[in-house]
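The primary structure of each chain is shown beneath.
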Amino acid sequence: TAGVTFTLGGIRVNEQAQILDVADRPIEGLFSAGEMVGGIFYYTSPSGGGLMAGSVLGKIAGENAASR
């Protein structure tokens, strides 16, 4: 069975996990976490790195989305 372990590109986000547009402005109400986020890994990923990125950014994104 094929599967994607991790990606090396993705959506640009700010410190609040808000997705940024092409002018680096946050898109209101739109958040991203985990493997969809780009700029975390470039050539390879440490073991468990994707899970940790998803956990940390998921918490940040969830808290910021809920506060709206």
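None of the values given here were measured: they were computed from a predicted structure.

1. What to know about the overall build of the protein
Across its full length, the protein carries 1 helix and 2 strands. With 68 residues in all, the protein has 26% of them scored as buried. Taking all contacts inside the protein whose residues are at least 6 apart in sequence as the whole, residues at least 24 apart take part in 49%. Accessible surface for the protein amounts to roughly 4,800 Å². Of this, 59% is attributable to carbon and sulfur atoms.

2. Looking at the environment of Ser67
Assignment of secondary structure puts Ser67 in the segment after helix H1 (49-66). Ser67 gets classed as exposed once you look at its relative accessible area, which sits at 57%. A polar side-chain atom of Ser67 sits 2.8 Å from the main-chain carbonyl oxygen of Asn64.

3. Some details on the pairing of strand S2 (residues 26-31)
Looking at chain direction, strand S1 (residues 18-20) and S2 are connected through 2 bridges and run antiparallel. For Gln18, the partnering residue across the bridge sits in S2 and is Phe31. Taken together, S1 and the strand that follows it, S2, pair antiparallel across an intervening segment of 5 residues, in which Asp24 is found at a positive phi of about 60 degrees.

4. Considering the pattern of salt bridges
Tallying each qualifying case throughout the model produces 4 salt bridges. With a shortest N-O distance of 3.9 Å, Glu28 and Arg68 are connected by a salt bridge. Of the two residues, Glu28 is situated in strand S2 and Arg68 in the segment after H1; the sequence distance between them amounts to 40 residues. Given the relative accessible area of 63%, Glu28 is considered exposed. Take Arg68: its relative accessible area is 52%, and that puts it in the exposed class.

5. Observations concerning the side chain of Gln18
Within the secondary structure layout, Gln18 lies in strand S1. A relative accessible area of 7% means that Gln18 is categorised as buried. There is a polar contact of 3.0 Å between the side chain of Gln18 and the side chain of Asn14. Beyond its immediate sequence surroundings of up to four residues, Gln18 is in contact with Arg12, Val13, Pro26, Leu30, Phe31 and Arg68.

Cut-off values and rules
- Residues numbered from 1 in each chain as written.
- Predicted model: local features only at pLDDT ≥ 70, side-chain atom pairs only at ≥ 80, totals over all residues.
- Heavy atoms only, no water.
- Helix = DSSP H or I, 4+ residues; strand = E, 2+ residues; numbered from the N terminus.
- Buried < 20%, exposed > 50% of the residue type's maximum accessible area, 1.4 Å probe, protein only.
- Contact = heavy atoms within 4.5 Å.
- Areas by Shrake-Rupley, 256 points an atom, 1.4 Å probe, with all protein chains shown as cover.
- Polar contact = N/O pair within 3.5 Å; in protein donor to acceptor, adjacent residues only side chain to side chain.
- Pairing = 2+ DSSP bridges.
- Salt bridge = Lys/Arg side-chain N within 4 Å of Asp/Glu carboxyl O.

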